[in-house]
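Read off the chains here:
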Amino acid sequence: MNFEFMLIIPILTYTVKSFDIPCWSSSFTIFDCCKVQTDTYSQELLLHNKLKNDVFGQHIAQGKIGKMIFSHAKNKYPRKALVMSFHGWTGNGKNFVAKQIVDALYVEGMKNRNVHIFFSTLHFPKEDQVDIYKIHLIDWIRGNVSRCDRSMFIFDEVDKMPPGLLDAIKPFMDYHVEIDGVDYRKSIFLLLSNTGGHDITQKSLELWKKGRKREEFKYEDFEKMIQMGAFNEPGGLFRADIVDRSLVDFYLPFLPMEKDHIKRCVEAEFRRRGYSWYSGDIETISDSIEYWPPDIKLYSVTGCKRIYQLVATKIHEREMAHWLSDNDRNEL
């Protein structure tokens, strides 16, 4: 998505109406980039398996996301746009899950031109420019939904977004059949935020202390708490009408990750890179992560966010050791 282009000539996007130019895939075949992949249950099963196998410690999100996404995508006449808000500490899988949703729904995944992602610190960095951002954001969404009614809009770092910005697009999320001749009800909005992360972690710790198994944590244990936190904490959802008017359909908690989940992340990263690992590697890397609370070290403060670089460093150290060993033998 070329957001900078939008800022320069915002009206151009609105002039393209009621048709979509065919897209070319990476294999040089033409496809309908506005059509979502819902003809069979294969894509839904693919998403289910991807979340089950590659997302660790998030049984609440795993159990709900596929149903929410595909029930909306298969509905020819939804009553409103689907709005989902993902909450939790950094590194717990929010962005990864968003990508899997896109890959399951759209040919070419994130490269599909009907998938639009906004980063608050990049696209909306200045709070005093919020009125300008509102104008451009309204026009960008209106223009793109005019071209493709199955558009998806992903807002990352909502906790760093200027307050009030999202209320500019409230009508597009509401129960309107049309606005100025455009139907927004088939669109999907994903809001990714660290807001509520501390409350989710505190609640998880409270339930753990009461003897509840993690797998027994329920969506209902967190929903109202997240909604209230999002409404009252600084950020893009602070005192937001879309929260107050119940236009956010689901507030999904991404639970804090325990050490076993971190170990699985480490193994998955080694596997992704095509390397084997030793048990000592897993322990060393998982032990280097900061955990909370300090006395019992139950939850990773950064989730799996640092695992990519830590595994890369470990692999480099191993390869360097092998190289030095080979050189020593050659000198002998």
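Owing to the predicted nature of the structure, the values given are computational and were not obtained by experimental measurement.

(A) Looking closely at the nonpolar core. Judged by nonpolar contacts, the single largest core of 70 residues is most densely connected at Ile 65 and Phe 155. Broken down by element, this core gets its largest block of residues, 7 residues, from helix H4 (residues 59-73). Once you skip the residues sitting within four places of it in the chain, Ile 65 turns out to touch Leu 47, Leu 51, Met 84, Phe 86, Val 97, Ile 101, Leu 252 and Phe 254. With 15 residues, the next largest nonpolar core counts Cys 265, Ile 285, Cys 304 and Ile 307 among its residues.

(B) Looking closely at the pattern of salt bridges. This structure, assessed with the given rule, holds 19 salt bridges. Across the pair Arg 273 and Glu 269 runs a salt bridge whose closest N-O atoms are separated by 2.8 Å. The class of Glu 269 is buried, set by a relative accessible area of 10%. Among the salt bridges present, the one from Arg 318 reaches Asp 281, with a minimum N-O distance of 2.6 Å. Taken as a pair, Arg 318 in helix H14 (residues 307-331) and Asp 281 in helix H13 (residues 279-287) lie far apart in primary sequence, 37 residues in all. Accessibility classification places Arg 318 together with Asp 281 in one group, the buried group. One connected set of salt bridges, linked through shared partners, spans Lys 203, Glu 206 and Lys 210.

(C) Quick look at the packing of helix H3 (residues 42-54) against helix H5 (residues 94-105). Two elements in contact, H3 and H5, have axes separated by 9 Å at closest approach and are oriented at 160 degrees. Taken together, H3 and H5 sit at an angle that is classed as roughly antiparallel. Of the two elements, H3 crosses H5, and the hand of that crossing is right-handed. Contact residues: Gln 43, Leu 47, Lys 50, Leu 51 and Asp 54 in H3; Phe 96, Val 97, Gln 100, Ile 101, Asp 103 and Ala 104 in H5. Across the contact of H3 with H5, the residue classes break down as 6 nonpolar, 2 polar and 3 charged.

(D) Summary view of the state of the cysteines. Counted by the stated rule, this structure contains 2 disulfides. For Cys 34, the disulfide goes to Cys 148, at an S-S distance of 2.1 Å. Sign of the S-S torsion, about 95 degrees for the bond between Cys 34 and Cys 148, identifies this disulfide as right-handed. In this pair, Cys 34 is assigned in the loop between strand E2 (30-31) and H3 and Cys 148 in the loop between helix H7 (130-147) and strand E5 (152-156), connecting sequence segments 114 residues apart. Cys 148 carries the same exposure label as Cys 34, and that label is buried. Bridging Cys 265 to Cys 304, the disulfide has an S-S length of 1.8 Å. Its S-S torsion of about 85 degrees marks the bond between Cys 265 and Cys 304 as right-handed, since a negative value means left-handed. Residue Cys 265 is found in helix H12 (residues 259-272), and its partner Cys 304 is found in the loop between strand E9 (299-300) and H14; the two are separated by 39 residues along the sequence. Side by side, Cys 265 and Cys 304 carry an identical accessibility label, which is buried.

(E) Examining the layout of surface pockets more closely. Reported here for the largest pocket is a volume of approximately 890 Å³. In terms of lining, the largest pocket is formed by 30 residues, of which the most central are Gly 91, Gly 93, Phe 96, Cys 304 and Lys 305. Sorting the residues of the lining of the largest pocket by element identifies H3, H5, strand E6 (188-193), H12 and H14 as the ones contributing at least two each. Considering every element that reaches the lining of the largest pocket, the biggest residue donor is H12, with 5 residues. Considering only residue class, the lining of the largest pocket consists of 10 nonpolar, 8 polar and 12 charged.

(F) Representation of the pairing of E5 within the structure. Burial runs high along E5: 5 of the 5 residues are buried. Alternating positions in E5 separate into two faces, Met 152, Ile 154 and Asp 156 on one and Phe 153 and Phe 155 on the other, with burial throughout. Note: strand E4 (residues 115-119) against E5, 5 bridges, orientation parallel. Opposite Phe 118, over in E5, you have Phe 155 as the bridge partner. Pairing of E5 with E6, which is carried by 4 bridges, proceeds in the parallel orientation. Bridged to Phe 153 within E6 is Phe 189.

The rules behind the values
Each chain has its residues counted from 1, following the order in which its sequence is written. The predicted origin of the model limits local features to residues at a pLDDT of at least 70 and limits the giving and counting of side-chain atom pairs to 80 or more, whereas totals for whole chains, interfaces and linings rest on all residues. For the side-chain quantities, the full set of heavy atoms in the structure was used; hydrogens and water were omitted. Nonpolar cores were defined as sets of buried Ala, Val, Leu, Ile, Met, Phe, Trp, Tyr and Cys residues, with membership established by side-chain atoms within 4.5 Å. The rule is simple: take the accessible area with a 1.4 Å probe, protein chains only, and divide by the maximum for that residue type; under 20% is buried, over 50% is exposed, in between is partly exposed. In this text, helices come from DSSP runs of H or I with a minimum length of four residues, and strands from runs of E with a minimum of two, each type numbered from the N-terminal end. Any two residues whose heavy atoms approach within 4.5 Å are treated as being in contact. Within this document, salt bridges are pairs made up of a side-chain nitrogen of Lys or Arg and a carboxyl oxygen of Asp or Glu, the two lying within 4 Å of each other. Axis angles are defined between N-to-C directions and span 0 to 180 degrees, where every axis is a line fitted to C-alpha atoms and, for a helix, only to the segment in contact. The scheme is simple: roughly parallel for angles under 35 degrees, roughly antiparallel for over 145, roughly perpendicular for 65 to 115, oblique for anything else. In this scheme the crossing of two helices becomes right-handed for a clockwise turn of the near helix relative to the far one and left-handed for an anticlockwise turn of less than a right angle. Polar here means any residue outside two lists: the nonpolar Ala, Val, Leu, Ile, Met, Phe, Trp, Tyr, Cys and Pro, and the charged Asp, Glu, Lys and Arg; Gly therefore counts as polar. The criterion for a disulfide is a pair of cysteine sulfur atoms lying within 2.5 Å. With a 1 Å grid spanning the protein atoms alone, the term cavity applies to any set of points in which a 1.4 Å probe fits but cannot get out, the term pocket to an open set with protein on both sides within 12 Å along at least five of seven lines, and the term lining residue to any residue with an atom within 4 Å of a point. Grid points are joined across faces, edges and corners, and a volume is the space filled by probe spheres set on the points. Should DSSP find at least two bridges between two strands, the strands are regarded as paired.

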